[in-house]
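Here are the chains, one letter per residue:
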Amino acid sequence: MSHSSSTYRSSTSLRRRTALIAGAALAAIAMLSACASPAASGAGGAASETGDPVTGGTLTYLEYQPTTCLYAPGTGFYPNGGLLNQITDKLTYQNPETLEIEPWIADSWTVNDTATEYTFVIRDGVTFSDGTPLDAAAVAANFDAYGLGSEELKLPISEAINNYAGSTVVDEHTVTFSFTQPSPGFLQGTSVIQSGLVSPATLALPYEEQCQLKNIVGSGAFTVSSQVVDKEVDLVARDDYDWAPANSEHQGRAYLDEVKIIVTPEDSVRIGSLLSGQADYVRYVQAFDEASVEGAGFDLYAPQTRGVNNGLFLRPSNSILQDVDVRKALQAGTDTQEIVDTIFTKNYPRATSVLSSTALGYVDLSDQLTYDPDKANELLDAAGWKAGADGTREKDGAQLSLNVFVAGAQPLSKQTLELVAQQWTKIGVQLNVKPADSGTIAADIKDAEKTALNHSMVGRADQDVIKSQFHTENRDVILSNDAELDALLDALASEPDTDARNAKVADAQKYIIDQGYAIPFFEEPQVYGAANYVHGIGFEAVGRPSFYDVWLDKK
Amino acid sequence: MTRYLTGRIGQAVLVLWAAFTVTFVLLQALPGDSIMIKFENPELGLSPAQILEVRARYGIDEPAVLQYIHTLMGFLAGDFGYSIETGTPVLQRLAEGLPETAKLAAGGFLLAVVLAVTIAFVSSYTRFAWIRGVLLAVPSLFISIPTFWLGILLIQVFSFQLRLVPVIGGTEAQSLILPVLTLAVPISAPLAQVLCRSLDAVYTQPFVAVAQAKGASRQWILWRHVARNALVPTLTVAGLTFGELIAGSVITETVFGRNGIGRLTEQAVTAQDIPVMQAIVVLAAFVFVSVNLIVDLLYPVLDPRLAAKGRVAV
C-alpha cells in the first residue's frame, strides 16, 4: 500500500543522482553524436501540422498495472477497462463530449414512460471475432448474465444494471428488456465497459474461465494476437470491422495494425521509456511527473472520470463521527485548496460538490465547502470536545483520534491523507494514516470503529453513480445507517424523467454535504502521456482509452 | 554413500513438509483472505449479501483443518489449486514464470561468480597495495547498494540516456542484460568477500611456504594450491546466496517488468492470493533444499579429506 509513496521518494532522489552520473556520460556522448537527433526532441517538434490519418503501424502502450479478472461487469479497474474497451463493443455509445447516448450496436431503441421496458433494434451484419453473429439473441444472453448473474457459473451481478427482470427476443434484430422497477440508468448502463458484449461461447463458461483473456471473444475493432500473462498483450486490428459508432471520427477498420500493451509498474521506467522514445503512449502519469513529460515536449491527456469526487467519506456509525457537528467540523477544517496546490496539478480541479462538475446532475455547493478552521473549532467546542494535554481534543477520557487506510488505488493517497492529518492538528483532531496490506484493509474496512473514514472515488457518467458510492446495497463507503439517504438514492435511481432525476441528484448531493458524510478533495482525472506523433487519441466517457481512431505520424 | 543420500533426501522431504505447514498456518493467521480482498474490491460493486454468497461458494469458511488436509493432498497429487486473483491454475502460473526466473537467476549467479572471482583473484595476485585496497572495498560497496535503486539507475543510464539497451520491446537477450547485472551485483559481494578472506587464510598455511621454498611461481601457487583450498567456504556461501537470488528477483522483476516467479510473488502477496503464495514458498523451499544437497555432495569432490572420512561433514 505504501508503494506509491516509496516510489515517489526514491524516484525523485534518484533523478537527481542519475542526472549527475548521466550528465557526465552525456557530455561525452553529445560530442560524438551531435548530428544525430534524439527521439525525444524529434517527438517534440512534429505537432505543428496534422496530415491525413495513416493506416498501419504499431503502437506501444505502457500500462501501470496488470489486468485482473476480465469478466465484463468487474472491469471498472482501469487496466481491465483499457484492454476490454478495444476488444468489445457496447450496445450504445455515450458521446464523451455531450454524454448523450448514441447508437452503436443498437441502431435505435424505445423506452416506455415508466422506464421499465426497453426495446433495442440491433444493427445488421455485426459478428464476433469467432464468427458468430451479434444478433438480438446474443445481446439478450449478455444482459441476462450481467443483470441476473448465475448461481451455476458463479457470475456476479453487474453494478451498472439495476432492477433487471429479463429479456425477450422479439426477432433476429429486436430484443426487449424488462425491469421490476423503473430503471432510467439502464440506457447509459448499456454503454459502459462493464456491459461489453461478448460471444455466447464466452458467456457459457464459468466465472474463472470468463476472467481469462484467452476466453474473451468480442466484436471490437481489435482482437488479441498474443498474451504473456501479467506482462504483455498484443492486439491486432480486425480487417472486417465495420460497425463503429455513427459519430466516430472514422468508419471501417482501426488505423493501427497492432497495439502492444506492456505492463510497466515502475513509474520512472514508464515515464523514461516514453521520453526516450521506447514507448508511444503511457497510462498513469503521476502528478509529480507531469512537468517532466510536458517539459520534454510530450502531450498530456487528462480526461475526467465524471463521478463521485476523490475525497474522504465519514462514517456515521463510528462512535466519534456519529455526531453530525463533528463531521461538519472536519469538513470545515480541511483545506482542499492546499491539497490541490501542494500535491496535485491543474488537471485535478478542486471539488465543489460530492460529484464532479463534469458529472451528470452536478450542483455547485462550493459555498458550503469553504475552509473555515474557526468554525471547525467552534463546532468541536460546542460538541464537548475540549483541548487535551497533547493538543488533541478529549471528551469523557477519549481522544478525538480517527483512523483511515491509505487507499492504494487513489493517486498519492498517502501524501494527501498526511496533509489532511497535518491540517486537522490545527483543530485538535488526530488522523492516523495507516498504510496496510490488502488483507488487513479488507478485514477492517467494514468496521466503522477501526476505520472511521474511507478515501475513495467512483467514476461513471450517469446519475446513478452517487447511489453506487453511498447506498447500503452498493459500495456503501460510509457504512450508512441513514434510511433517509437510502430513500433519496433509491428515488433518483428510479426517476424516469431526466430533469426530475437531476433535481433528485441535487437533493442527494446537498443532503450528503449537509450531513457531513463527505469531504470532497478534487475531481479525479486519468492522466496519460503520449508522443506527439500519436494522433486521434480518444477516451470513453470516464477516461479509458480507445485505440480505434489512433494513428501514427512517425517519421 | 547410498545411506547418506537416503538420509539427506528424507531430511529434505521433512523440511518441505515443515515449510508447507508453517506457511499454511501463517497464511491462515493473516487478517482477511483472498476472497474477501477480491470480491470486496469496490470496483466490482458487490453488495454485502452477494459477497457472503460468493464466500459460501468458494468454501472459504470451512474449518482450517479440513482446508489443510485438502491442500496437502492436492500438493501431493501435484495439484496446487487455482489463483484466486486471476482464476488460472497455480501450476500454469509457476510454469510460465519459472523459465523466466531461471534465466535471470542463472545469468545473475554466473555473472556474480565471475565478478567475485575476478575481484578476489586480482586483489590477491596484484603487487600494488592500492589496487588491492580499492578491490577489497568493492564488496562492501556492492552489498550496500539497494537492488531497487541499482535497477532504476542502470535503466536510466544505459537505456534512457545512452540508449544502448531498450527496456521495452527488445530481444530476449537484450531484455536480460540489465536485470542480470542488477541481480549479480549484490550477490557477488558476499562471494567476493569470503573468497578474499579464505585466499588470505590459505596463504598463511605452512604448505604454501613449502611450495614457495621449492621455487613454485606465484601463479602456480595461487591456482594449484591456494584457490582449490579456498573454494570450500565460498561454495557454502554460494549455496546460501540462492535465497538472495529469490529475494532479488522479486525486486528486479518488478522494476524491469519481467513476468517471473519474483513478480508473481509480489502480486500474490499484494492480493493475498493464498494458493499462489503457498506454492511459491514450497517451490522456494524445494530449490533451497536441492541446492544445499548439491553443495554437500560437492564438498568431497573439492576436498578429498572429506571423502576419505567415509561420511560427509556438513
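Residues numbered from 1 in each chain as written. Chains lettered and ligands numbered in written order. Predicted model: local features only at pLDDT ≥ 70, side-chain atom pairs only at ≥ 80, totals over all residues.

### Observations concerning the sheet that holds strand 12 (residues 299-301) of chain A
Residues and elements named next belong to chain A. Formally: Being paired, for any two strands, means DSSP has found at least two bridges between them. Put simply, DSSP marks the helices as runs of H or I at least four residues long and the strands as runs of E at least two long, and each gets a number from the N terminus on. A fitted line through C-alpha atoms serves as each axis, taken over the contacting stretch for helices, and the angle formed by two N-to-C directions is quoted from 0 to 180°. Here, residue contact means that the backbone-derived C-beta atoms of the two residues sit within 7 Å.
Strand order in the open sheet formed by seven strands is 8-9-10-1-11-21-12, and the pairing between neighbours is mixed. Because the sheet does not close on itself, it has two edges, and the strands there are strand 8 (222-228) and strand 12. Each strand axis lies, on average, 20° off the axis of its neighbour in the sheet, ignoring direction. When strand 9 (residues 232-237) meets strand 10 (residues 258-263), the two strands line up antiparallel, connected through five bridges. Counted as the bridge partner of Val236 is Glu258 from strand 10. Contacts from helix 3 (residues 78-87) reach strand 1 (58-63), strand 8, strand 9, strand 10 and strand 11 (281-283), with the element oriented near 135° to strand 8. Contacting strand 1, strand 11 and strand 21 (528-530), helix 8 (residues 267-275) runs over the sheet at an angle of about 160° to strand 11.

### Quick word on helix 3 of chain A
Residue and element names in this part refer to chain A. Note the cut-off: Exposure in this text rests on C-beta crowding, where 20 or more other C-beta atoms within 10 Å of a residue's own make it buried, 12 or fewer make it exposed, and counts in between make it partly exposed. The C-beta atoms are placed from the backbone.
Buried residues dominate helix 3, accounting for ten of its ten residues. All buried positions along helix 3 are accounted for by Tyr78, Pro79, Asn80, Gly81, Gly82, Leu83, Leu84, Asn85, Gln86 and Ile87. Buried positions along helix 3 lie against strand 1, strand 8, strand 9, strand 10, strand 11 and strand 24 (545-546).

### Examining the interface of chain B and chain A
As a reminder, the rule being used: Gly counts as polar in this scheme, as do all residues outside two lists: the nonpolar Ala, Val, Leu, Ile, Met, Phe, Trp, Tyr, Cys and Pro, and the charged Asp, Glu, Lys and Arg.
The partner chain A presents 50 residues to the 46 residues of chain B that form the contact. Every element with two or more residues in the side of chain B that touches chain A is listed here: helix 2 (34-39), helix 3 (48-58), helix 7 (147-161), helix 10 (218-256) and helix 11 (261-271) of chain B. In terms of residue count, the dominant contributor to the side of chain B that touches chain A is helix 7 of chain B (ten residues). In terms of residue class, the side of chain B that touches chain A is built from 21 nonpolar, 17 polar and eight charged.

### Some details on the environment of A:Tyr371
All names here are of chain A. Secondary-structure assignment places Tyr371 in the loop between helix 11 (336-343) and helix 12 (373-382). Separated by 36 residues in the primary sequence, Tyr371 and Asp335 place their C-alpha atoms 5.2 Å from one another. Each residue touching Tyr371, except ones within four places of it in the same chain, is listed here: Thr334, Asp335 and Gln337.

### Notes on the domain arrangement of chain B
Residues and elements named next belong to chain B. Counted only if it meets this: Marked domain ranges trace back to an automatic or database domain assignment.
If you check the domain split of chain B, you get domain 1 (2-76) and domain 2 (97-313). Taken over C-alpha atoms, the centre of domain 1 sits 33 Å from the centre of domain 2. The set of elements that each furnish at least two residues to the side of domain 1 that touches domain 2 consists of helix 1 (2-29), helix 2 and helix 4 (64-76). Of all the elements, helix 1 adds the most residues to the side of domain 1 that touches domain 2, at ten residues.

### What to know about unusual backbone geometry
Residues and elements named next belong to chain A. Positive phi, normally seen in glycine, also occurs at Asp476, with a value near 50°. A tally of 20 C-beta atoms within 10 Å means that Asp476 is categorised as buried. Here Leu479, not a glycine, exhibits a phi torsion of approximately 45°, which is positive. Take Leu479: it is sitting in the loop between helix 15 (465-470) and helix 16 (483-493).

### With respect to the packing of helix 11 of chain B against helix 12 (residues 274-302) of chain B
All names here are of chain B. The following threshold applies: For classification purposes, angles smaller than 35 degrees are called roughly parallel, those larger than 145 roughly antiparallel, those between 65 and 115 roughly perpendicular, and all remaining angles oblique. By convention the crossing between two helices is left-handed if the near helix lies anticlockwise of the far one by an angle smaller than a right angle, and right-handed if it lies clockwise.
Contact geometry of helix 11 with helix 12 gives a least axis separation of 9 Å together with a crossing angle of 140°. Judged on the interaxial angle alone, helix 12 and helix 11 are oblique. Where helix 11 crosses over helix 12, the handedness of that crossing is left-handed. Each of Ile261, Leu264, Thr265, Ala268 and Val269 in helix 11 lies in contact with helix 12, whose residues at this interface are Val276, Met277 and Ile280.

### Digging into the sheet that holds strand 14 (residues 386-387) of chain A
Residues and elements named next belong to chain A. Taking strand neighbours across the sheet as the criterion, the three strands line up as 14-15-16 in an open arrangement whose pairing is antiparallel. Each edge of the open sheet carries a strand with a single partner, namely strand 14 and strand 16 (398-399). Sheet topology note: the strand 15 (residues 393-395)/strand 16 ladder contains two bridges and is antiparallel. Across the sheet, the residue bridging to Glu394 is Gln399, located in strand 16.

### A few points about the confidence of the model for chain A
Note the following rule: Note on scores: pLDDT gives the predictor's confidence for each residue, bounded by 0 and 100.
Confidence along chain A averages 89 in pLDDT terms, with 91% of residues attaining 70 or more. Low pLDDT, under 50, characterises residues 1-48 of chain A; the predicted model gives this stretch 57 contacts beyond four residues in sequence or across chains.

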